[in-house]
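So the chains spell out like this:
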Amino acid sequence: MRYCVFGAGAVGGSVAAALTEAGFPTDTIARGAHLKAMRENGLQIKRAHEAQKTVRVQVFTGEEYNRTPDVVFVCVKAYSLDSAIDFLKRVAKPGCVVIPLLNIFTTGETLQRELPNLLVTDGCIYIAASVEAPGVLAQQGDIFRIVYGVRNRKDDCPKLHKIAEDLKAAGITPVLTDHVRRDTLKKYAYTSPMASAGLYFDADAATFQKSGEPRECFCALMREIAALAKAMGAEFDIDIVKTNLSILDALTPDASTSMQRDIRAGKSSEMDGLIFTPVRLGRKYGVPTPTYEKIAKHFGFSE
C-alpha cells in the first residue's frame, strides 16, 4: 500500500521516517524551511544514546503532490485541518483510509463529514518527539504507539488490519481498537487537562509535579473528562487520574505542552479544541464541567 503522511512535524516526520525505513512506499507532505531541509539533507533523526541517522523521505508540497495514496495519516495541528481536507478532496479516492493523529477529540468525525466517500477512523499517537530545527527531529523515550479504529463496527475492513501489520513491521506499536472513542478519549484526558491547566497557570511540568492548586486543577479537569466519557458510553477502564499523574510525574521539570509553546511564540493554537470543546461536550451530554468553564471563560469563551 502507498502511504501518505500529511504534515511532517514531530509526529508526522516520525511516522514517515519509520515507514520509509521499513521499505513501505511513503510520501510526506511538508512546507517551508522544513521541506527545503528534508529535500536537501533528508530527515535527520536524533535519539539519546544513538548515532544521528538520516532518512531519505519522499517529500512534496501539498500542491505538487499527484499520487493516489491508499492510506493517509493526518498529522497537522487542528488549526490547519482545512488544508488537510482540501488536500484529501483532491488526491484521495474511494477506498482510501484516513487516520487522523491530532490532539483534538472528534477530529475523525469532523473529517468524515467533509469526506463522505472515504473511510476516516478516529486515532491518536503516543510519542515523545519535537522538531529541533528544520529537517531535524529529536525523539525521546521508547514509546511509539498509534491507536486507531472505526466508530461503527460495520466499517471494519481488511485494510485496517494490513495497516496494523505494516506499522508493526515499521517499529510502531499498532492498537486497532474496538473501543476507539474510549481509547482516544484516554489520550485526550491527558492532553486537554494538561494544556488547559498549563496555559491557565502559565506553568511547566515542575509546577504540577508538586502539591498545590495547579495540580488539583489538573486532577479536576481529568475527572470532568472521565465524567464526559461515562456519559458518552465510553467509560474508562483505568483510573485516569492515577495513570496521568504517573505520566506527569515522569516528565522532565521543564516540559510544557505544544499549545503553550505555540502561544508563547505568537502562533495559532489549538485552544478551541483543547479548552472549549470539553465545555461544549459537557453541555451536549448534560455533564457539569465547572473547571473547564472557568478556564474557558478566562480565555474568552462566550458561547
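Scroll up to find the structure this text is about.
Residues numbered from 1 in each chain as written. Predicted model: local features only at pLDDT ≥ 70, side-chain atom pairs only at ≥ 80, totals over all residues. Heavy atoms only, no water.

Colleague: I would appreciate a short explanation of helix 12 (residues 290–298) in the present structure.
Modeller: Because an α-helix packs 3.6 residues into every turn, residues spaced three or four apart end up facing the same way. Within helix 12 the residues assigned to the buried category are Thr291, Tyr292, Ile295 and Ala296. Within helix 12, the buried residues cover an arc of 125° as seen down the axis, which keeps them to one side. Exposed side chains of helix 12 directed beyond 90 degrees from the buried face belong to Pro290, Lys297 and His298. Buried residues along helix 12 sit against helix 6 (180–201), helix 8 (213–231) and helix 11 (271–285). A positive phi of about 95° marks Gly300, the residue just after helix 12. (Buried < 20%, exposed > 50% of the residue type's maximum accessible area, 1.4 Å probe, protein only. Helix = DSSP H or I, 4+ residues; strand = E, 2+ residues; numbered from the N terminus. Arc of directions from axis to C-beta. Contact = heavy atoms within 4.5 Å.)

Colleague: What am I meant to see in the environment of Ala197 here?
Modeller: Note that Ala197 resides in helix 6. As for Ala197 and Thr291, which are separated by 94 residues in sequence, their C-alpha atoms are 9.6 Å apart. When near neighbours in sequence (up to four residues on either side) are disregarded, Ala197 contacts Phe208, Cys217, Phe218 and Leu221.

Colleague: Just checking my understanding: could you explain the nonpolar core for this structure?
Modeller: Leu185, Phe218, Ile225, Leu248 and Ile275 are the most contacted members of the largest nonpolar core, which has 40 residues in total. Elements represented by at least two residues in this core include exactly helix 6, helix 7 (205–208), helix 8, helix 9 (240–249), helix 11 and helix 12. If near-sequence neighbours (up to four positions away) are discounted, Ile225 is found in contact with Leu185, Tyr188, Ala189, Pro193, Phe236, Pro278 and Tyr292. Grouped together as the second largest cluster of nonpolar side chains are 25 residues, Val5, Ala16, Val97 and Ala170 included. (Core = buried A, V, L, I, M, F, W, Y, C linked by side-chain atoms within 4.5 Å.)

Colleague: Teacher, can you tell me more about the sheet that holds strand 7 (residues 97–100) here?
Modeller: In any sheet, the strands associate via hydrogen bonds between backbone groups, in a parallel or an antiparallel arrangement. Pairing within the open sheet is parallel, and its six strands lie in the order 5-2-1-6-7-8. Because the sheet does not close on itself, it has two edges, and the strands there are strand 5 (58–60) and strand 8 (119–120). For strand 1 (residues 3–6) and strand 2 (residues 26–29), the ladder comprises four bridges, and the chain directions are parallel. Paired with Tyr3 across the bridge in strand 2 is Thr26. (Pairing = 2+ DSSP bridges.)

Colleague: Explain the pairing of strand 2 to me, please; I cannot follow it from the model alone.
Modeller: When a strand is regular, its side chains alternate between the sheet's two faces. Along strand 2, one buried face is formed by Thr26 and Thr28 and the opposite face, lined by Asp27 and Ile29, is buried too. In this fold, strand 1 hands off to helix 1 (residues 10–21), which returns the chain to strand 2; that crossover is right-handed. In terms of strand pairing, strand 2 meets strand 5 through three bridges, oriented parallel. In the sheet register, Ile29 faces strand 5, and the bridge partner there is Phe60. (Right-handed = clockwise from strand over helix to strand, strands pointing away.)

Colleague: Would you mind showing me how to read the packing of aromatic side chains here?
Modeller: Aromatic ring pairs are defined here through the distance separating the ring centres and the angle between the ring planes. Counted under the stated rule, the structure contains 11 aromatic pairs. Geometrically, the ring pair formed by Tyr65 and Phe87 is tilted, given 5.6 Å between the ring centres and 40° between the ring planes. A residue pair is termed long-range when its members are at least 10 positions apart, and Tyr65 in the loop between strand 5 and strand 6 (71–74) and Phe87 in helix 3 (residues 81–91) qualify at 22 residues. Judged on exposure class, the residue Tyr65 and its partner Phe87 are both buried. (Phe/Tyr/Trp six-rings, centres within 6.5 Å; stacked < 30°, edge-to-face > 60°.)

Colleague: Explanation requested: the side chain of Thr184 in the structure shown.
Modeller: Tracing the backbone through its elements, the reader meets Thr184 in helix 6. For Thr184, a relative accessible area of 8% translates into the label buried. Within the structure, Thr184 has its side chain in polar contact with the backbone oxygen of Arg181 (distance 3.4 Å). (Polar contact = N/O pair within 3.5 Å; in protein donor to acceptor, adjacent residues only side chain to side chain.)

Colleague: Explain the packing of helix 6 against helix 11 here, please?
Modeller: Helices that pack against each other are described as a pair by the angle of their axes relative to one another and the distance between those axes. The N-to-C vectors of helix 6 and helix 11 enclose an angle of 120°; their axes lie 9 Å apart at closest approach. With respect to helix 11, the element helix 6 is oriented oblique. In terms of crossing hand, the pair formed by helix 6 and helix 11 is left-handed. For the pair helix 6 and helix 11, the contacting residues are Arg181, Tyr188, Thr191, Ser192, Ala195, Ser196 and Leu199 in the first and Met271, Gly273, Leu274, Ile275, Thr277, Pro278 and Tyr285 in the second. Partitioned by chemical class, the residues of the contact of helix 6 with helix 11 number eight nonpolar, five polar and one charged. (Axes fitted to C-alpha atoms, helices over the stretch in contact; angles between N-to-C directions. Parallel < 35°, antiparallel > 145°, perpendicular 65-115°, else oblique. Left-handed = near helix turned anticlockwise from the far one by under 90°. Nonpolar A, V, L, I, M, F, W, Y, C, P; charged D, E, K, R; others polar.)

Colleague: What exactly am I supposed to notice about the packing of helix 8 against helix 11 here?
Modeller: Between helix 8 and helix 11, the least distance of the axes is 10 Å, while the angle of their chain directions is 40°. One way to sum up the angle between helix 8 and helix 11 is to call them oblique. With respect to the hand of their crossing, helix 8 and helix 11 are arranged in left-handed fashion. Taking contact as the criterion, the partners of Ile225, Leu228 and Ala231 in helix 8 are, on helix 11, Pro278, Leu281, Gly282 and Tyr285.

Colleague: Mind showing me how you'd approach the environment of Arg47 here?
Modeller: Looking at the element boundaries, Arg47 is found in strand 3 (residues 43–47). Separated by 91 residues in the primary sequence, Arg47 and Ala138 place their C-alpha atoms 6.0 Å from one another. Looking at Arg47, its side chain comes within polar contact range of the side chain of Gln139, at 3.3 Å.

Colleague: Would you mind showing me how to read the pattern of salt bridges here?
Modeller: Opposite charge on two side chains permits them to pair, given that their charged atoms come into close proximity. Using the criterion set out here, one finds 24 salt bridges in the structure. The partner of Asp237 in a salt bridge is Lys186, and the shortest N-O contact between them spans 2.7 Å. Taken together, the residues Asp237 in the loop between helix 8 and helix 9 and Lys186 in helix 6 connect sequence positions 51 residues apart. In this structure Lys186 comes out as buried when scored by relative accessible area, which is 17%. Taken together, the salt bridges that share partners define one network made up of Arg182, Asp183, Lys186 and Asp237. (Salt bridge = Lys/Arg side-chain N within 4 Å of Asp/Glu carboxyl O.)

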